[in-house]
Amino acid sequence: AIAVSATGSLNVENSGIVTTGGFASAMSLFGTELSTFRFVNSGTIRNGGVTASLAFLPDTADTIATIANSGTISSAVENRAALRIDQFNVAAAKLTLNNSGILEASGLGGAGLELNAQPTSSIALDLVNSGTIRANGGGQTFFGNRPSSLSGLAIGVLISAGHSTGSTITNTATGLIE
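Residues numbered from 1 in each chain as written. Predicted model: local features only at pLDDT ≥ 70, side-chain atom pairs only at ≥ 80, totals over all residues. Heavy atoms only, no water.

(A) Layout of the overall build of the protein. Counting its regular elements, the protein contains zero helices and 18 strands. Across the 178 residues in the protein, those meeting the buried criterion constitute 44%. Counted over contacts in the protein with a minimum sequence separation of 6, partners at least 24 positions apart contribute 76%. Split by element, the accessible area of the protein, about 8200 Å² in all, is 53% carbon and sulfur. (Helix = DSSP H or I, 4+ residues; strand = E, 2+ residues; numbered from the N terminus. Buried < 20%, exposed > 50% of the residue type's maximum accessible area, 1.4 Å probe, protein only. Contact = heavy atoms within 4.5 Å. Areas by Shrake-Rupley, 256 points an atom, 1.4 Å probe, with all protein chains shown as cover.)

Structure below.
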């Protein structure tokens, strides 16, 4: 439904309704040579979730990415996260994510929140959850009729932070991760 691409700075806010059918993300955000990234959602993004593919400036020590969700971001698509963030370069970055809303994946093998950084990069995550992060679509087995099978689990929070110098996950008393 929405695709945004930017260089240098990327700032996206949603307070309405964004939806899509099929297998695509409802919102795709692409940033290159970023010094700042900001995504704020107080509305509803459904069916395909949000995918952010970010490449930060390599020589900017204080690159900051900020995500705040007080609305609902959901995906019913198989093997897709409600909110997925990918970092595609070796720059160090800090990602601050505040969720007081709902991140929900209801498709098989989905994730409520997925963060992926290159193995050679360094991303520090500061996640504060006072809302709900959930993956309730169940797992699945691929190639189950063969000698080896591959299973895809439904995971609330999936983080692969490369050479992270430190990440913090705070699930407050009102927070639910499942």
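From this point, the discussion proceeds with the structure in view.
(B) Region of interest: the pattern of salt bridges. The full count for this structure, using the stated rule, is five salt bridges. As a salt-bridge pair, R84 and E114 come within 3.8 Å of each other at their nearest N and O atoms. One end of the pair, R84, is in strand 8 (residues 81-87); the other, E114, is in strand 11 (residues 111-117), and 30 residues separate them in sequence. Of the residues examined, E114 reaches a relative accessible area of 13% and is grouped as buried. Salt-bridge contacts for E104 lead to R134; the nearest nitrogen and oxygen are separated by 3.4 Å. Highlighted residues: E104 in strand 10 (residues 102-105) and R134 in strand 13 (residues 132-135), separated in sequence by 30 residues. Put simply, R84, D86 and E114 are held in one network by salt bridges that share partners. (Salt bridge = Lys/Arg side-chain N within 4 Å of Asp/Glu carboxyl O.)

(C) Up close: the pairing of strand 3 (residues 27-41). As defined by bridge partners, strand 1 (residues 2-14) adjoins strand 3 across twelve bridges and the pair is classed as parallel. Of the residues in strand 3, the one forming a bridge with L10 is F37. The pairing of strand 3 with strand 6 (residues 64-69) spans six bridges and is parallel. Within strand 6, the residue paired with R38 across the bridge is T66. (Pairing = 2+ DSSP bridges.)

(D) Region of the structure containing the sheet that holds strand 13. What the six strands build is an open sheet, ordered 2-4-7-10-13-18; its pairing is parallel. At either end of the open sheet lies a strand with only one pairing partner, and these are strand 2 (17-19) and strand 18 (176-177).

(E) Structural detail: the side chain of S28. Structurally, S28 can be placed in strand 3. The exposure class of S28 is buried, given its relative accessible area of 15%. Setting aside chain neighbours within four positions, we find S28 in contact with I2, A3, V4 and T51.

(F) Spatial organisation of the pairing of strand 10. Residue alternation in strand 10 divides its side chains into a buried set, L103 and A105, and an unburied set, I102 and E104. Strand direction decides the pairing type here: strand 7 (residues 72-75) and strand 10, joined by four bridges, are parallel. From the neighbouring strand, S74 faces strand 10, where its bridge partner is E104. Bridge count for strand 10 against strand 13 is four bridges, and the pairing is parallel. For A105, the partnering residue across the bridge sits in strand 13 and is A135.

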